Amino acid sequence: MSHISGDIFTIRPGQLSLADLRVLYAKPYRIELDGLAFAGIERARQTVEDIISEGRTVYGINTGFGLLASTSISDDQLEDLQTNLVLSHSAGVGGDTKDNVVRLIYALKISSLSQGRSGIRLSTIKAFLDFINAGLIACIPEKGSVGASGDLAPLAHMTAALMGEGFVKYKGAKIPAGQALTQAGLSPLTLSAKEGLAFLNGTQVSTAFALAGLYGAEDVFAAAVVAGAMSIDALMGSAAPFDARIHAARGQPGQIAVAPKYLELLTGSEILTDHKDCDKVQDPYSLRCQPQVMGACLDIINNAARTLHIEANAVTDNPLIFEGGDVISGGNFHAEPVAFAADILALAICEIAAISERRLATLIDPHTSGLPAFLVKDSGVNSGFMIAQVTAAALVSENKSLAHPASVDSLPTSANQEDHVSMATYAARRLGQMTENSANVIAVELLAAAQGLDVRAPKKTSKTLQKTLKLIRSKAAHYDKDRVFAPDIVGVAQLVRAGAFSGYVRDILPSGRVD
């Protein structure tokens, strides 16, 4: 694994863990490269130098690119070739990629370039590290990549910033990259043979967006488990469906892992004990089938995490350099694995919010909840949670459209040379919008369940859920009469996105486990 000590994040190429990357996603660190990687980097670079000195023609080193791969380039034009490649490919559009995602892109690219397969100079990697550690955040447009051959346009914008072209964020301001380099005491990078292609080829942008989506999905999942447990108590539901024997009989691992979390959250609840002998036969599916639904979502999250962990440690540029001087052109830049992982994550994110909204609908309906209509006194004069549920329904519906798989689409590029592409970058990027929507949906359920627990007083929920109730009340007071509702949703959604509920289930989440 890579190593974190104080404010230093040391990259051991090919050994990045999901947990370490999540830490880097959460806040900036000084990035260093493990010195054990140096020999492999220099060995691969020597292969590139030997090819040039021997006058051999090898794709990516002294040829054109894509449809122009058969065009030989003279030695005195190799630097121009790399420079022109970066500048011409800096064709992205849209808003700038968020700083925390850019930090992931940086780490993934350093890891990939440092595995001795890319032929890049050690001095170039060190210049990249200096750029990162000076606090320079490249302004990378979010749109413009089809996920093959690699994330060309966004990675070109990143590389251009190293060369003093384009824009960066530096000390809180967006300024020209050349100006920022001067202020930071750095010189623009001049790329040598193969280096521009090594920087531009690769799935690091798609993977970084997908990792951000994975971490968001984990936070949404955790908050939904807590919200679901609170709703069980607020609705005086049964704990029987969480009996371990039921889940062992089916054998699905996610279901088996998540079911006991509900029992842990509910243990000691006076409300649960008070009605255990009531004549209620069965709860609605949105309460009773939480282990089955959330367990299936957990399995999907784990499967996606497995793919993304591998991809985060992969070498995905082209061509690749191997021992014995072999330089082989392949297609590791094709981001189909990332696209598939993002698409299945979208399904989980969508369903987590969908079942949450159904519990919310049950909470506000006096016929199914036994609670005041729309969870407010004097309903009629007060509308209570009526429109908050409408907002949740709108977000769930939006997520359904966003969940349409991106990976089934492909549009040929580069004069049909790149005739099948992954669309992984969009597949991964849209997860951010989906997790934002789902965080808001679950925030409304948490507010509604908290309101229901207040109504059940003097009977108390479990001590664990009392702590959660107190946390929610730190952001939103009890809803005794109508007021502007939006700030309450915003405040609790911030808790969801900050991972305030993740501690209850961290041991079953991929970035929380120590494998």
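Engineer: Sorry if this is basic, but what is going on with the sheet that holds strand β5 (residues 137-138) here?
Structural biologist: Pairing between the strands of a sheet comes from backbone hydrogen bonds, and it takes one of two forms, parallel or antiparallel. One open sheet holds the 3 strands; their spatial order is β5-β7-β8, and the pairing between them is antiparallel. For this open sheet the edge positions go to β5 and β8 (173-176), each flanked by a neighbour on one side alone. Two elements, β5 and strand β7 (residues 167-170), share 2 bridges in a ladder whose sense is antiparallel. Counterpart to I137 in the pairing with β7 is K169.

Engineer: So what exactly am I meant to see when it comes to helix α20 (residues 486-497) here?
Structural biologist: Because each turn of an α-helix spans 3.6 residues, side chains separated by three or four positions in sequence point in the same direction. The terminal C-alpha atoms of α20, which comprises 12 residues, lie 16 Å apart, in line with the 16 Å expected from a rise of 1.5 Å per residue. All buried positions along α20 are accounted for by D488, I489, G491, V492, A493, L495 and V496. In this structure, the buried residues of α20 make contact with α9 (204-234), α18 (424-455) and α19 (463-473).

Engineer: For this particular structure, what's the right way to read the pattern of salt bridges?
Structural biologist: When the charged atoms of two side chains lie near each other, side chains of opposite charge can form a pair. Evaluated as defined, the whole model comprises 21 salt bridges. A salt bridge links R121 to E195; the nearest nitrogen and oxygen atoms lie 2.9 Å apart. One end of the pair, R121, is in the loop between α4 (99-113) and α5 (122-133); the other, E195, is in helix α8 (residues 195-200), and 74 residues separate them in sequence. The residue D343 makes a salt bridge to R430 at a minimum N-O spacing of 3.1 Å. With D343 in helix α15 (residues 336-364) and R430 in helix α18, this residue pair connects regions lying 87 residues apart in the sequence. The buried category is assigned to R430, whose relative accessible area is 3%.

Engineer: Any chance you could explain the side chain of N313 here in plain terms?
Structural biologist: Mapped onto the elements, N313 comes out in the loop between α14 (290-312) and β9 (320-321). Apart from residues no more than four positions distant in its own chain, N313 is found in contact with G14, Q15, L16, S111 and Q115.

Engineer: Can you walk me through the pairing of β8 in this structure?
Structural biologist: Regular strands place their side chains on alternate faces of the sheet. The pairing of β7 with β8 spans 4 bridges and is antiparallel. Counted as the bridge partner of K169 is K174 from β8.

Engineer: Explain the sheet that holds strand β2 (residues 8-11) here, please?
Structural biologist: Overall, mixed pairing links the 3 strands, which are arranged β1-β2-β3 in an open sheet. The sheet is open, and its two borders are formed by β1 (3-5) and β3 (30-33), each paired with just one other strand. On average, each strand axis in the sheet is tilted by 25 degrees relative to the strand beside it, whichever way the strands run.

Engineer: Even after reading the chapter, I still don't get a nonpolar patch on the surface, so can you show me in this structure?
Structural biologist: Side chains of M386, I387 and V390 sit close together on the surface and give an oily, nonpolar patch of about 250 Å² of accessible area. Looking at the secondary structure, you find I387 in helix α17 (residues 386-402). Since its relative accessible area comes to 52%, I387 is described here as exposed.

Engineer: I tried to follow the packing of α9 against α15 on my own but got confused; where do I start?
Structural biologist: In a packed pair of helices, the relevant descriptors are the angle between the two axes and the axis-to-axis distance. Between α9 and α15, the shortest axis-to-axis distance is 10 Å and the interhelical angle comes to 20 degrees. Regarding the angle of α9 to α15, the classification is roughly parallel. Like other packed secondary-structure pairs, α9 and α15 cross with a definite hand, here left-handed. The segment α9 lies against α15, with S206, T207, A210, G213, L214, A217, V220, F221, A224, G228, S231 and A234 engaging V338, L345, I349, I352, R359 and L363. Residue classes in the contact of α9 with α15 are distributed as 12 nonpolar, 5 polar and 1 charged.

Engineer: It is not clear to me how the packing of α14 against α15 should be interpreted in this structure. Could you clarify?
Structural biologist: Here α14 crosses α15 at 155 degrees, and the two axes come no closer than 9 Å. By the angle between their axes, α14 is roughly antiparallel relative to α15. Judged by the sense of rotation from one axis to the other, the crossing of α14 with α15 is left-handed. For the pair formed by α14 and α15, the contact residues are Q290, V293, M294, C297, I300, I301, N303, A304, T307, L308 and E311 on the first element and P337, V338, A341, I344, L345, L347, A348, E351, I352, I355 and R359 on the second. A per-class count over the contact of α14 with α15 returns 16 nonpolar, 3 polar and 3 charged.

Engineer: When you look at unusual backbone geometry in this model, what are you seeing that I'm missing?
Structural biologist: The bulk of non-glycine residues show a negative phi, and the bulk of peptide bonds are trans. Cis geometry is found at the peptide bond from A148 to S149, where omega equals 5 degrees. Considering the arrangement of structural elements, one finds S149 in the loop between β6 (141-143) and α6 (152-162). Note the cis peptide between N318 and P319, where omega equals -5 degrees. Assignment of secondary structure puts P319 in the loop between α14 and β9. Of note in the backbone geometry, K171 takes a positive phi value of approximately 55 degrees without being a glycine. Along the polypeptide, K171 turns up in the loop between β7 and β8.

Reading the values: rules and limits
Residues numbered from 1 in each chain as written. Predicted model: local features only at pLDDT ≥ 70, side-chain atom pairs only at ≥ 80, totals over all residues. Heavy atoms only, no water. Pairing = 2+ DSSP bridges. Helix = DSSP H or I, 4+ residues; strand = E, 2+ residues; numbered from the N terminus. Expected span 1.5 Å × (residues − 1). Buried < 20%, exposed > 50% of the residue type's maximum accessible area, 1.4 Å probe, protein only. Contact = heavy atoms within 4.5 Å. Salt bridge = Lys/Arg side-chain N within 4 Å of Asp/Glu carboxyl O. Axes fitted to C-alpha atoms, helices over the stretch in contact; angles between N-to-C directions. Patch = residues over 30% accessible without salt bridge, like charges linked within 9 Å, V, L, I, M, F, W, Y side chains within 5 Å. Areas by Shrake-Rupley, 256 points an atom, 1.4 Å probe, with all protein chains shown as cover. Parallel < 35°, antiparallel > 145°, perpendicular 65-115°, else oblique. Left-handed = near helix turned anticlockwise from the far one by under 90°. Nonpolar A, V, L, I, M, F, W, Y, C, P; charged D, E, K, R; others polar.

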